[in-house]
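Below are the chains, spelled out letter by letter.
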Amino acid sequence: MFYTYILYSKTLNKYYIGSCQNIEQRLQDHLNSRSKFTKVAKDWELKYFETFMTRSDACKRELQIKKMKSRKYIENLITTKG
């Protein structure tokens, strides 16, 4: 199983969109400064995720969300799924 996910940092008031195979491990990577973008904060929370059968599909969805360049779109995804 593969995932597209959205993290949120209250400290930075920013979202991060990514994709991975092991969502629990990837969150720990973000929290432990193993990602260049997310190492500036230590309070990342998993707010949203989707599951996919292939890495390719997860990556395509990640890019689709990023191309929207819209905080409103991201927050809508989070509130309608949650």
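Values in this document were obtained by computation on a predicted structure and should not be read as measured data.

Calculation notes
- Residues numbered from 1 in each chain as written.
- Predicted model: local features only at pLDDT ≥ 70, side-chain atom pairs only at ≥ 80, totals over all residues.
- Heavy atoms only, no water.
- Salt bridge = Lys/Arg side-chain N within 4 Å of Asp/Glu carboxyl O.
- Helix = DSSP H or I, 4+ residues; strand = E, 2+ residues; numbered from the N terminus.
- Buried < 20%, exposed > 50% of the residue type's maximum accessible area, 1.4 Å probe, protein only.

Quick word on the pattern of salt bridges
Thought 1: For the coordinates displayed, the defined rule picks out five salt bridges.
Thought 2: Glu62 is the salt-bridge partner of Lys66, the closest N and O atoms lying 2.7 Å from each other. Of this pair, Lys66 and Glu62 both sit in helix α2 (residues 55–68), four residues apart, which is roughly one turn of that helix.
Thought 3: For Glu62, a relative accessible area of 13% translates into the label buried.
Thought 4: With a closest N to O distance of 3.1 Å, Arg71 and Glu75 form a salt bridge. In this pair, Arg71 and Glu75 are both assigned in helix α3 (residues 71–81), four residues apart and thus about one turn of the helix distant.
Thought 5: With relative accessibility at 31%, the residue Glu75 sits in the partly exposed group.

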